[in-house]
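# Notes for the structure review
The lines below spell out each chain.
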Amino acid sequence: GKGASIAILKKGLQAAGVLPGGKWSNDTGALYVRGLPADTTNCDLYEIFSPFGAIPSGGCWAMTAEDGTCKGIAFINFINDADAQNAIATLHGTMMPDGTTLTVQPKGQPKAKNGKGKGKGE
């Protein structure tokens, strides 16, 4: 409609909680990606990772510098952990055109060191 904005529509749907996946509420299915080019956007990440499975609204985050370029890292949140594992198996170690290697791994636990995380070796 006239005067409407897709940004307003998305924000309203997210606030109403009607989109599958809702807010980023879990670290299961969450991935850490490193080695991305400076021109990477959230949309690029969605286009690369969404074929592996459902990603909630706002589930792709390219970390950006003040000038708007990607810092080379990103976070992806899949609704289902199996989809995240498939993305890791397929994309981790991909050779980039400049010779660097793409790292795709499970997102680390938050920095709180209370010893109750589900990290390796526990």
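This text gives an overview of the structure that appears in the document.

Thresholds applied
- Residues numbered from 1 in each chain as written.
- Predicted model: local features only at pLDDT ≥ 70, side-chain atom pairs only at ≥ 80, totals over all residues.
- Heavy atoms only, no water.
- Helix = DSSP H or I, 4+ residues; strand = E, 2+ residues; numbered from the N terminus.
- Phe/Tyr/Trp six-rings, centres within 6.5 Å; stacked < 30°, edge-to-face > 60°.
- Buried < 20%, exposed > 50% of the residue type's maximum accessible area, 1.4 Å probe, protein only.
- Polar contact = N/O pair within 3.5 Å; in protein donor to acceptor, adjacent residues only side chain to side chain.
- Pairing = 2+ DSSP bridges.
- Axes fitted to C-alpha atoms, helices over the stretch in contact; angles between N-to-C directions.
- Contact = heavy atoms within 4.5 Å.
- Core = buried A, V, L, I, M, F, W, Y, C linked by side-chain atoms within 4.5 Å.

Next up on the list: the environment of Ile 48. With respect to the helices, strands and loops of the structure, Ile 48 is situated in helix H2 (residues 42-49). Residues Ile 48 and Ala 87, spaced 39 residues apart in sequence, show a C-alpha to C-alpha distance of 9.4 Å.

This paragraph deals with the packing of aromatic side chains. In this description, an aromatic ring pair is defined by two values, namely the gap between the centres and the angle between the planes. Enumeration over the complete set of coordinates arrives at two aromatic pairs. Ring plane angle 50° and centroid distance 5.7 Å describe the contact between Tyr 32 and Phe 75, whose orientation is recorded as tilted. Linking Tyr 32 in strand E1 (residues 30-34) with Phe 75 in strand E3 (residues 70-77), this pair joins segments that are 43 residues apart in sequence. The exposure class of Tyr 32 is buried, given its relative accessible area of 17%. For the ring pair Phe 49 and Phe 78, a centre distance of 6.5 Å and an interplane angle of 65° mean the geometry is edge-to-face. Highlighted residues: Phe 49 in helix H2 and Phe 78 in the loop between E3 and helix H3 (81-91), separated in sequence by 29 residues. Across the pair, Phe 78 and Phe 49 agree in class, each one buried.

The next subject is the environment of His 92. One can find His 92 in the loop between H3 and strand E4 (103-106). The exposure class assigned to His 92 is partly exposed, which follows from its relative accessible area of 43%. His 92 sits 58 residues away from Arg 34 along the chain, and the two C-alpha atoms are 9.7 Å apart. Among the polar contacts listed, one links the side chain of His 92 to the backbone nitrogen of Val 104, at a separation of 3.0 Å.

With that out of the way, let us pick up the sheet that holds E4. In spatial order, the strands read E2-E3-E1-E4; together these four strands make up an open sheet with antiparallel pairing. The two strands at the open ends of the sheet, each matched to only one other strand, are strand E2 (60-64) and E4. Direction aside, neighbouring strands of the sheet carry axes that sit 20° apart on average. Two strands pair when backbone bridges link them, and E2 and E3 are joined in this way by four bridges, in the antiparallel orientation. Its bridge partner lying in E3, Cys 60 is registered against Ile 76. Across the face of the sheet, H2 comes into contact with E1, E2, E3 and E4 while running at roughly 140° to E2. The strands touched by H3 are E1 and E4; relative to E4, the strand with the most contacts, the crossing angle is about 150°.

Let us now look at the nonpolar core. Side chains that are nonpolar tend, in soluble globular proteins, to be buried together. Core analysis: the largest hydrophobic core is formed by 20 residues, its most contacted members being Leu 31, Val 33, Leu 45, Phe 49, Ile 76, Phe 78 and Val 104. The set of elements that each furnish at least two residues to this core consists of E1, H2, E2, E3 and H3. When residues of this core are assigned to their parent elements, the largest contribution, four residues, is made by H3. Not counting chain neighbours up to four residues away, the residues in contact with Val 104 comprise Leu 31, Tyr 32, Val 33, Phe 49, Ile 88, Leu 91 and His 92.

Bringing the pairing of E1 into the picture now. Counting buried residues along E1, four of its five residues qualify, which places the element largely inside the surrounding structure. Two elements, E1 and E3, share five bridges in a ladder whose sense is antiparallel. Across the sheet, residue Val 33 finds its bridge partner in E3, namely Ala 74. Strand direction decides the pairing type here: E1 and E4, joined by four bridges, are antiparallel. Counted as the bridge partner of Leu 31 is Pro 106 from E4.

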